[in-house]
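What follows is the residue order along each chain.
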Amino acid sequence: MEFDTKTPPYRTGDKSSFAYVSARDRWPVIITQAIDDVYRSVTESDDSAKQEEGKKIIAELARLKYELQHDRQLTPIRDDGKADVSVYNHELEQLGTPNWFDIPWLFCECYLYRRINTSFSLSTHWKTYDVFYRQKINTFRSSRPAVLELAARYKDLITQMGHDRRKTEAGRDEAQRILFFEMCEICLWGNATDLSLLTSLTYEDIQKLQGSEARKASEKNILVNDLGDAYEVLKKSQREGKKERRVDIVLDNAGFELYVDLILAGYLLSSGLATLVVLHPKSIPWFVSDVVPGDFAAFLGALADPKRFYETPSDDEKLQDKTPPPLSEKDSADLGFLFQEWTRMHAEGQLILRPNAFWTYPGGYWRLPSVEKNLYEDLKNSELVIFKGDLNYRKLTGDAAWDPSTPFTEAIGPLGPGSGVNVLALRTCKADVVVGLTPGQDEEIREKEEGGGDGGARKWAWNGKWAVVSFSQGR
Ligand code: F6P
Ligand code: MG
């Protein structure tokens, strides 16, 4: 906490903040869904020891939900041998072992997922079980229309890039710049579809957020757009002919968002804007939909045989006696193209995964240079570190109640100018914190429908309809 901003953080007890709504309405639903998932796996198992242990896990999750809903004190994270236990428990102690509704939101929400994780990590039969996996893969499957649309677009584009007949370098550069913007915007709006928000959005809402029409219509909702600066950084090192030009993506969600992140990564490598892309997943199941290494493998597995993935009825479809429509030969070939591209890049070492436990620590990234020096030094080797999504943005800014016109470079503190790290945040807004707006802009949006009015709440920033793309040049 000593390295954090002094601007006060959002707290679960702030009734006008999304922190309170999350803790009161969303977390109990998320825990209930986890219980349902384990229950389902228990009934599917024929190993009695595993079943017994699964019932114990269900009881622990139910206990957690009870403690949350009855505003009990947070209990220490049980020791499952991982290094972050002391980090969590030390901070809990420093906070005075508070209750669920009287605590900084960021710490509390991280604690929730770390606590869920201990019920599995301390077991024998469920140690590596991902309680959110079923939800993640099902949602990816249900984003089929947008996945196919993008696969076709990506294949055309990469093929065309290989035969670009534009004569002048300026013409080629302009095309590259436009595509960079488009890829980043696809990648940005892919973040509007995370599963933890599904407790308040329907699948149909989410599908609407994914298509290209929706993206065009949403451009006016990008309140800050620093993509031009980020592009210049990459272009400059390409022009200088630097041998290794690395881009890092601190991943957020699995499924559709991971898919669009890989589209961006593939574009950066194919266009020569990068020679290496390092992806940073989480190490434990996190905030329902975040990517863990197993999701990456499952995702490539799905693309390796897309017909099987899309045409085999899901459990729910079986219950409703529904058969998914077959995949056309073209769709299948487009997805096959993506699979070949990504597995080749992965095999050639141009696209790599680099997990680090720091990403699931409780605090914000103001702490990074002091508490995780190796990771910090490593990120300095990157031309651009792209932080995806809302939680990463909250962590960058310390999830603090900044004046919304505070410059982004100031709100990210030690990762700002002079840090040696070039930071680009691609974030659709799903929480109260927002910075980098022009004076009066927040008030203006509050006046719009569902903006929050003058009731004190920044409701417009809760539902993923608005976005900020903020850049800080650190080197
Ligand atoms: O909106 C609720 C929430 O769980 C926030 O608490 C969190 O920051 C966010 O969703 C997760 O979103 P993302 O997947 O974009 O980080
Ligand atoms: Mg997420």
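Residues numbered from 1 in each chain as written. Chains lettered and ligands numbered in written order. Predicted model: local features only at pLDDT ≥ 70, side-chain atom pairs only at ≥ 80, totals over all residues. Heavy atoms only, no water.

**Considering the coordination of the magnesium ion (ligand 2)**
For step 1, the next point in the chain: All of the protein donors around the magnesium ion (ligand 2) are Asp252 (OD), Asn253 (OD1) and Asp290 (OD); their distances to the metal are 2.1 to 2.2 Å.
For step 2, the next point in the chain: All donor residues of the magnesium ion (ligand 2) come from one chain, and their arrangement in sequence is D-N-x36-D. With Asn253 in the loop between β2 (246–250) and α11 (256–271) and Asp290 in the loop between β3 (276–280) and α12 (293–304), the pair connects residues that are 37 residues apart, well separated along the chain.
For step 3, the next point in the chain: Take Asn253: its relative accessible area is 3%, and that puts it in the buried class. (Donors = N, O, S within 2.8 Å, 3.2 Å for Na, K, Ca; no water. Helix = DSSP H or I, 4+ residues; strand = E, 2+ residues; numbered from the N terminus. Buried < 20%, exposed > 50% of the residue type's maximum accessible area, 1.4 Å probe, protein only.)

**Details of the sheet that holds β3**
For step 1, the next point in the chain: The strand order β1-β7-β6-β5-β2-β3-β4 describes an open sheet built from seven strands, whose pairing is mixed. Of all strands in the sheet, those with a lone pairing partner are β1 (222–225) and β4 (351–353), marking the two edges. Taken pair by pair, the neighbouring strands of this sheet meet at an average axis angle of 15°, ignoring direction.
For step 2, the next point in the chain: Note that β1 and strand β7 (residues 467–472) share three bridges and pair parallel. In the sheet register, Val224 faces β7, and the bridge partner there is Val468. (Pairing = 2+ DSSP bridges. Axes fitted to C-alpha atoms, helices over the stretch in contact; angles between N-to-C directions.)

**Quick word on the domain arrangement of the protein chain**
For step 1, the next point in the chain: Assigned domains of the protein chain: these are domain 1 (18–127) and domain 2 (134–472).
For step 2, the next point in the chain: When each unit is reduced to the centre of its C-alpha atoms, the spacing between domain 1 and domain 2 is 27 Å.
For step 3, the next point in the chain: With 24 residues of domain 1 at the contact, the number on the domain 2 side is 26 residues.
For step 4, the next point in the chain: Both sides together, the interface formed by domain 1 and domain 2 hides about 2,200 Å², and carbon and sulfur atoms give 59% of it.
For step 5, the next point in the chain: For the pair domain 1 and domain 2, the number of links is five salt bridges.
For step 6, the next point in the chain: A salt bridge links Arg134 to Glu44; the nearest nitrogen and oxygen atoms lie 3.6 Å apart.
For step 7, the next point in the chain: At the boundary of domain 1 and domain 2, one finds seven residue pairs in polar contact (both at pLDDT 80 or more).
For step 8, the next point in the chain: No other element matches the 11 residues that helix α1 (residues 18–44) contributes to the side of domain 1 that touches domain 2. (Domains from an automatic or database assignment. Contact = heavy atoms within 4.5 Å. Buried area = accessible area lost by both parts, 1.4 Å probe. Salt bridge = Lys/Arg side-chain N within 4 Å of Asp/Glu carboxyl O. Polar contact = N/O pair within 3.5 Å; in protein donor to acceptor, adjacent residues only side chain to side chain.)

**Overview of the site of ligand 1**
For step 1, the next point in the chain: The environment of ligand 1 is made up of 15 residues, and the closest members are Asp252, Asp390, Leu391, Arg394 and Lys430.
For step 2, the next point in the chain: Note that an oxygen atom of ligand 1 is positioned 2.6 Å from one of the side-chain N or O atoms of Asp390.
For step 3, the next point in the chain: Interatomic distance of 2.7 Å between a backbone N/O atom of Leu391 and an oxygen atom of ligand 1.
For step 4, the next point in the chain: Residue assignment for the shell around ligand 1 shows that the elements contributing at least two residues are α1, α4 (105–121) and α18 (389–396).
For step 5, the next point in the chain: Top element by residues in the shell around ligand 1 is α18. It accounts for four residues. (Near = heavy atom within 4 Å.)

**Observations regarding the packing of aromatic side chains**
For step 1, the next point in the chain: This structure, assessed with the given rule, holds 32 aromatic pairs.
For step 2, the next point in the chain: With 5.7 Å between their ring centres and 25° between their planes, Phe120 and Tyr129 make a pair best called stacked.
For step 3, the next point in the chain: Under the relative-accessibility criterion, Phe120 is labelled buried at 2%.
For step 4, the next point in the chain: The rings of Phe140, Phe256, Tyr259, Phe299, Phe309, Tyr310 and Trp342 are connected pair by pair, giving a single aromatic cluster.
For step 5, the next point in the chain: Positioned above the aromatic ring of Trp126 is the side chain of Lys50, whose terminal nitrogen or guanidinium carbon lies 4.8 Å from the ring centre.
For step 6, the next point in the chain: Stacked on the ring of Trp105, the Lys or Arg Arg394 has its end atom at 3.5 Å from the ring centre. (Phe/Tyr/Trp six-rings, centres within 6.5 Å; stacked < 30°, edge-to-face > 60°. Lys NZ or Arg CZ within 6 Å of the ring centre and 35° of its normal.)

**Considerations on the environment of Ser289**
For step 1, the next point in the chain: On the secondary structure map, Ser289 appears in the loop between β3 and α12.
For step 2, the next point in the chain: Remark: the alpha-carbon pair of Ser289 and Lys136, spanning 153 residues in sequence, is separated by 5.9 Å.

**Looking at the nonpolar core**
For step 1, the next point in the chain: By size, the foremost hydrophobic cluster in this structure holds 82 residues, and its most contacted members are Val38, Leu61, Trp100, Tyr113, Leu396 and Trp460.
For step 2, the next point in the chain: It is α1 that contributes the most residues to this core, 12 residues altogether.
For step 3, the next point in the chain: In this structure, this core is formed jointly by two domains, domain 1 (18–127) and domain 2 (134–472), each of which donates at least three residues. (Core = buried A, V, L, I, M, F, W, Y, C linked by side-chain atoms within 4.5 Å.)

**Here we look at α1**
Residues three or four positions apart in an α-helix share a direction because the helix packs 3.6 residues into each turn.
For step 1, the next point in the chain: With 27 residues, α1 should reach 39 Å at 1.5 Å per residue; the first-to-last C-alpha distance of 37 Å fits that figure.
For step 2, the next point in the chain: Of all the bends in α1, the largest measures some 40° and sits at Arg26, one to four residues before the proline Pro28.
For step 3, the next point in the chain: With a side-chain oxygen lying 2.8 Å from the backbone nitrogen of Ala19, the N-terminal cap of α1 falls on Ser17. (Expected span 1.5 Å × (residues − 1). Bend = angle between axes of the 7 residues up to and from the residue.)

**Some details on the pattern of salt bridges**
For step 1, the next point in the chain: A complete count under the given rule lists 41 salt bridges for this structure.
For step 2, the next point in the chain: As a salt-bridge pair, Asp4 and Arg367 come within 2.8 Å of each other at their nearest N and O atoms. In this pair, Asp4 is assigned in the segment before α1 and Arg367 in the loop between β4 and α16 (368–371), connecting sequence segments 363 residues apart.
For step 3, the next point in the chain: Overall, the relative accessible area of 22% leaves Asp4 in the partly exposed class.
For step 4, the next point in the chain: Through salt bridges that share partners, Arg246, Asp248, Arg354 and Asp378 make up one connected network.

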